[in-house]
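Close look at the chain arrangement
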Amino acid sequence: MPGARHSRFASLHDVELCSYAATGERRAFGELVRRHGSAVRGVLRRMGAQSSEADDVAQDAFLTAFERIAEFRGEGTFAAWVKKIAARLYLRRLHRDRKLGAMTAEAIEDEPEIPHGDADAAIDLEEALKVLSAVERLCVTMCFGTGLSHSEAAEALNLPLGTVKSHVKRGLEKLRTRLAPEDGVVLEGRRGNG
Amino acid sequence: MAELDFERRLERLFAEAPELPDAGFFAERVERRLDAGWTARRWLIGAAGVVGGVIGASQLMLSNVFERVETAGDSARLLSTSFTHVSAGADWVAAVSNGGTVVWVAAGLAVIMMGFVLTRVIGEI
């Protein structure tokens, strides 16, 4: 009875589900996908992937995670682990499509004027990220969304560490202008719908 | 300090998963791909087992096993004839010498075992 099995897995902790998945139990892994699919797809969209592209990469990331589930030691969260896999897969895809070079070499000129956030309104992170350049968006999301360190991000992007730090710094400044124009403004994350 | 606060807030914002309307559909697609991969893998393992068995059988055929079995059968028959003179209770030798049936059965089992072992090894990989 598939329904019964799903409900049995629904009550288990991620680590227990990973143990089941490591024995080849695909339904247990399916429960993990159900729990964390949106988070992984979301982080890819925040990195700049289109919806369909994000979904493809997220699927590949979960399949890779299933293949390598024995490597997951439960030191961090399962979601963070899959997000890192997804981020690296997305970068590989960008590199394959020769988009990564163009992004990282992108001139900083023609920067869009950053609209200041309305202090009375809750600001959507997705909207705020749009004011960042592609490479800033990648760097900020990799460091804050996937939990990669600056050096891990630099390695994955094949960029010098200092360059990544500069992109993150510049990205944060723009986000701060957008999200928290004045100190003390309460940030409220509005859940995006895609 | 304000900078650190902002970074923490940002981390919290990033930690919030967006609510996607097709989350269930996405999970089902991943499960389908997992199932499809598993089925393909099972077919691949099965096919590799059959190929392994066929290769094993062909190797047996090509190594003049027929002649060797006949020679072994003749030798066993000769041995059993001599042996029965020595010990009347040694019927098992005669059983072995009854043509190459036992040897053939053993060879067949060996081929099946080879295929099985290969299947298990690939399955473990």
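Above: the structure in question.
Residues numbered from 1 in each chain as written. Chains lettered and ligands numbered in written order. Predicted model: local features only at pLDDT ≥ 70, side-chain atom pairs only at ≥ 80, totals over all residues.

Along its length, chain B carries five helices and zero strands. Secondary structure of chain B in N-to-C order comes out as α-α-α-α-α. The buried share of chain B, taken over its 125 residues, is 12%. Considering only intrachain contacts with a sequence separation of at least 6, the fraction spanning at least 24 residues in chain B is 71%. (Helix = DSSP H or I, 4+ residues; strand = E, 2+ residues; numbered from the N terminus. Buried ≥ 20, exposed ≤ 12 C-beta atoms within 10 Å, placed from the backbone. Contact = placed C-beta atoms within 7 Å.)

Looking now at the nonpolar core. Residues and elements named next belong to chain A. In terms of nonpolar packing, the biggest core is built from 62 residues, with Leu 44, Val 82 and Ala 86 touching the most fellow members. Among the elements that line this core, the one with the most residues is helix H5 (residues 78-96), at ten residues. In terms of domain composition, this core takes at least three residues from each of domain 1 (1-97) and domain 2 (98-194). If we skip the residues at most four places from it in the chain, Leu 44 touches Ala 49, Ala 54, Val 57, Ala 58, Ala 86 and Tyr 90. (Core = buried A, V, L, I, M, F, W, Y, C linked by C-beta atoms within 7 Å. Domains from an automatic or database assignment.)

For the pair helix H3 (residues 26-47) of chain A and helix H2 (residues 23-62) of chain B, the least separation of the axes is 8 Å and the interaxial angle reads 135°. Of the possible angle classes, the one that applies to H3(A) and H2(B) is oblique. Crossing hand, H3(A) versus H2(B): right-handed. For the pair H3(A) and H2(B), contact is made by A:Arg26, A:Phe29, A:Gly30, A:Val33, A:Arg34, A:Gly37, A:Ser38 and A:Arg41 and by B:Ala23, B:Phe26, B:Ala27, B:Val30, B:Glu31, B:Leu34, B:Asp35 and B:Trp38, respectively. Among the residues making up the contact of H3(A) with H2(B), the classes are represented as eight nonpolar, three polar and five charged. (Axes fitted to C-alpha atoms, helices over the stretch in contact; angles between N-to-C directions. Parallel < 35°, antiparallel > 145°, perpendicular 65-115°, else oblique. Left-handed = near helix turned anticlockwise from the far one by under 90°. Nonpolar A, V, L, I, M, F, W, Y, C, P; charged D, E, K, R; others polar.)

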